[in-house]
There are 2 protein chains.
Amino acid sequence: MVIRRLLRRAVRDGMILLRNRQKCSTAWRATHYCSALVYREHTHNIDTLRMEQLPLPPVGDCSVRVHMLAAPVNPADINMIQGSYPILCPLPAVGGNEGLGEVIEVGSNVTSLRPGDWVVPIDAGFGTWRTGAVCEEDELISVPKDISVLGAATIFVNPCTAYRMLRDFQTLSPGCTVIQNASNSAVGQAVIQIAAALGLKTINIIRDRPNCTELVDELQSLGADYVLTEEEVMSTGLHQVFEEVPKPKLGLNCVGGLSGGLVLSNLDYGGTMVTYGGMAKRPLQIPAKSFIFQDVTLKGFWLTQWKRKHREDKAQLKAMLDAVCELMRAGQLSAPHCVQTPFHQYSHALQAIIQSHGRKHVLIM
Amino acid sequence: MVIRRLLRRAVRDGMILLRNRQKCSTAWRATHYCSALVYREHTHNIDTLRMEQLPLPPVGDCSVRVHMLAAPVNPADINMIQGSYPILCPLPAVGGNEGLGEVIEVGSNVTSLRPGDWVVPIDAGFGTWRTGAVCEEDELISVPKDISVLGAATIFVNPCTAYRMLRDFQTLSPGCTVIQNASNSAVGQAVIQIAAALGLKTINIIRDRPNCTELVDELQSLGADYVLTEEEVMSTGLHQVFEEVPKPKLGLNCVGGLSGGLVLSNLDYGGTMVTYGGMAKRPLQIPAKSFIFQDVTLKGFWLTQWKRKHREDKAQLKAMLDAVCELMRAGQLSAPHCVQTPFHQYSHALQAIIQSHGRKHVLIM
């Protein structure tokens, strides 16, 4: 919040551009200014995003200064810039919601963080596409330093979404089955790995594509028990699968439309389907009998909301991060295959996600 | 179960028709035989249903003999005969699932029932369209005799469905709002009355129809706070309503399709929609954002399943019946407006429900 207020003031006062850059030493500049990707309007033209020099306020008693190490480019970041996300930042704003920072300096009243700690922002809207930030202590939470930079920079959205969905909606014991679509997404891959670590079986639905066998192999190498295309599920059903594993009590849907229907219709009696995305941009179609005679429950999950609800309960947030880190340390959960993009080459990363091609990009500061 | 076994045996042995009816006294016949509406195949041709004389087995130590007083004709009864209901009885079978009987005779080990008690069958598939029955004690539960015959004969499906849906899915305190469609159905009318008794506000959606004003008046006289047609909700929304009452935490959907969407889209953040019917025979269409950003939960309710789950917990069943009877006694819940049809004129009642015209019929034995 402090950052956003200062940013608005800086823009108003015309202080955004450092006019005498050559006069400043690198160390002095890193303490007083940061480079940040700023947007000044909600627009689909992502080229309006500009790298700017923003002043950093001095560190107060309860605040900390961090140097950002890495920040991914997620679809929600783009939706936020475009103005189509349910949470929008006051303009002008810095892009990016997720990322890893290192604490450089702490105020005299700060107790939970020390210089050298790795930290991630708790709430959406932090503006992680920047080299440095000064913020309140309680906007951040520390993460262990014995996982990779990429793992830590991408831990607090996708793996935590997978972790919560596998824990919070059904009581699943080893041997139980989970069915999902969008199985190749970052969350989908985390679901496969965390489920395997918990002894759960996974049925993973993917879209048909040219490199299908390759993808099936890749997901199976992560621990997927069954990987089937939508067409295969529609044409032959899952009868054969259900001779080997029980019907799923939990379904995870990130697609909607027809694909969501495939998850729903293969749930066990009394099962729960959790929707956390709508990639197909088509509504779920649900017959009354699914509710009445199959007793299914449909719920949604949005980690941002979950984190806001548990904002004051840092022990709960910490427990989740510790559990996910422990899986990473044990080699049971790998960081996503990312393209590491130098911060100044940000436009490659933005174009890649807008055109939905290739791997996730992580900006390296 | 005993009844059904004997019925099958009687049919096999050609005993169904009493060949020497004139030899039997009325009292002897009532003890040893009953008239029943029997179907021998699952068919959409309801004319195949026949009034037959069925032998009654002697009353055993743990069984009771009842004289049926009244039994409604509900849509589920027809679906069961047609073979399209998820619960089907072994054939041949007696039609009807709900009804009121009077206990005539009890076995020596029967403790919960006495001659003269009013009783209703607990489970679906009892075959209530008959003049008498002999069954196990635990197939029946008693109802108080200080409510009307019609009230008691129709208490255990529709009012109990309304009662449970208002209690089991959201914590509702006086002043909270409930939104429903199919508001003129038997369940819908019970919802209006029970909600009013609990101090809840109701928003009631109806289909547009010629006698709309009359229906609005009728539902308001039952306690409905707002009655609107689907067209009104679609064209003007409920903004004005929500200036007076809070957005509903609970929505009840018996229609599906567009109408179900109107219930869903007007729910409060975190609300629950319960589907208990699909009259429009069209699926619900639900966008992902309802789940993710509105945090709605969708569930189903089927009283038959609820009763099976609580079959052993007669105290729970009794508590529900007592609560609903208390509302009836207090004049807060009226028996549905029914056409009382003499049992032998059953074909009128069946035709009426198949052609979906007019009031609910209750067969009077």
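This is a predicted model, so every value here is computed, not measured.

> When you look at the overall build of chain A in this model, what are you seeing that I'm missing?
A tally of regular secondary structure across chain A gives 14 helices and 17 strands. Against the compact-globule benchmark of 21 Å for 365 residues, chain A has a radius of gyration of 22 Å, which places it among compact chains. When its C-alpha atoms are laid out on the principal axes, chain A stretches across 70 × 40 × 35 Å. For chain A, restricting intrachain contacts to residue pairs at least 6 apart in sequence, the fraction spanning at least 24 positions comes to 71%. Accessible surface for chain A amounts to roughly 15800 Å². Of this, 50% is attributable to carbon and sulfur atoms. Side chains of chain A give 35 positive and 33 negative charges; the mean places of these two sets differ by 8 Å.

> So what exactly am I meant to see when it comes to helix α5 (residues 158–168) of chain B here?
Each α-helix winds once per 3.6 residues, and so residues spaced three or four apart point in a common direction. With respect to burial, α5(B) is a largely interior element, 9 of its 11 residues being buried. Within the span of α5(B), buried status applies to Asn158(B), Pro159(B), Cys160(B), Thr161(B), Ala162(B), Tyr163(B), Arg164(B), Met165(B) and Leu166(B).

> Could you clarify how one ought to interpret the pattern of salt bridges in this entry?
Pairs may arise between side chains of opposite charge once their charged atoms sit close together. Tallied over the entire structure, the rule returns 15 salt bridges over all chains. The closest approach of N and O atoms between Asp146(B) and Arg329(B), which form a salt bridge, is 2.7 Å. Taken together, the residues span a long stretch of sequence, with Asp146(B) in the loop between β8 (140–143) and α4 (149–153) and Arg329(B) in helix α12 (residues 314–329) at a distance of 183 residues. Salt bridges here are not isolated pairs; linked through shared partners, they connect Asp123(A), Arg308(A) and Arg311(A).

> Would you mind showing me how to read a negative patch on the surface here?
Taken together, Glu136(B), Asp138(B), Glu312(B) and Asp313(B) make up a surface patch of like negative charges. Turning to its location among the elements, Asp138(B) is positioned in the loop between β7 (132–136) and β8.

> Please explain unusual backbone geometry as it appears in this structure.
Outside of glycine, negative phi angles account for most residues, and trans bonds account for most peptide bonds. Following Leu91(A), the chain continues to Pro92(A) via a peptide bond in cis, the omega torsion being -10°. Position of Pro92(A) among the secondary structure elements: in the loop between α3 (75–82) and β4 (93–94).

> Looking at this structure, how should I read the side chain of Glu98(A)?
Residues and elements named next belong to chain A. Inspection of the secondary structure assignment puts Glu98 in the loop between β4 and β5 (100–106). Lys360 is the oppositely charged side chain nearest to the buried, salt-bridge-free Glu98, at an N-O distance of 4.8 Å. A distance of 2.8 Å separates polar atoms of two side chains, one belonging to Glu98 and the other to Asn74. Of the polar contacts made by the side chain of Glu98, one reaches the backbone nitrogen of Phe156; its length is 3.2 Å.

> Help me understand the environment of Asn45(A), please; the structure alone is not making it clear to me.
Residue and element names in this part refer to chain A. As for its placement among the helices and strands, Asn45 is situated in the loop between β1 (33–39) and β2 (50–55). Of the residues examined, Asn45 reaches a relative accessible area of 39% and is grouped as partly exposed. Between the alpha carbons of Asn45 and Gln82 there is a distance of 8.1 Å; along the sequence they are 37 residues apart.

> Can you walk me through the confidence of the model for chain A in this structure?
Detailed reading of predicted coordinates is not advised where the pLDDT is low. Residues and elements named next belong to chain A. The predicted model of chain A averages 92 in pLDDT, with 93% of residues at 70 or higher. Ignoring residues within four places in sequence, the model shows residues 13–22, a span with pLDDT below 50, making 17 contacts including any to other chains. Across the interfaces of the predicted complex, the ipTM metric reaches 0.87, alongside a pTM of 0.89.

Thresholds, definitions, all that
Residues numbered from 1 in each chain as written. Chains lettered and ligands numbered in written order. Predicted model: local features only at pLDDT ≥ 70, side-chain atom pairs only at ≥ 80, totals over all residues. Heavy atoms only, no water. Helix = DSSP H or I, 4+ residues; strand = E, 2+ residues; numbered from the N terminus. Rg over C-alpha atoms; globule rule 2.2 N^0.38 Å. Contact = heavy atoms within 4.5 Å. Areas by Shrake-Rupley, 256 points an atom, 1.4 Å probe, with all protein chains shown as cover. Lys, Arg positive; Asp, Glu negative; His and termini not counted. Charge placed at Lys NZ, Arg CZ, Asp CG, Glu CD. Buried < 20%, exposed > 50% of the residue type's maximum accessible area, 1.4 Å probe, protein only. Salt bridge = Lys/Arg side-chain N within 4 Å of Asp/Glu carboxyl O. Patch = residues over 30% accessible without salt bridge, like charges linked within 9 Å, V, L, I, M, F, W, Y side chains within 5 Å. Polar contact = N/O pair within 3.5 Å; in protein donor to acceptor, adjacent residues only side chain to side chain. pLDDT = per-residue confidence, 0-100.

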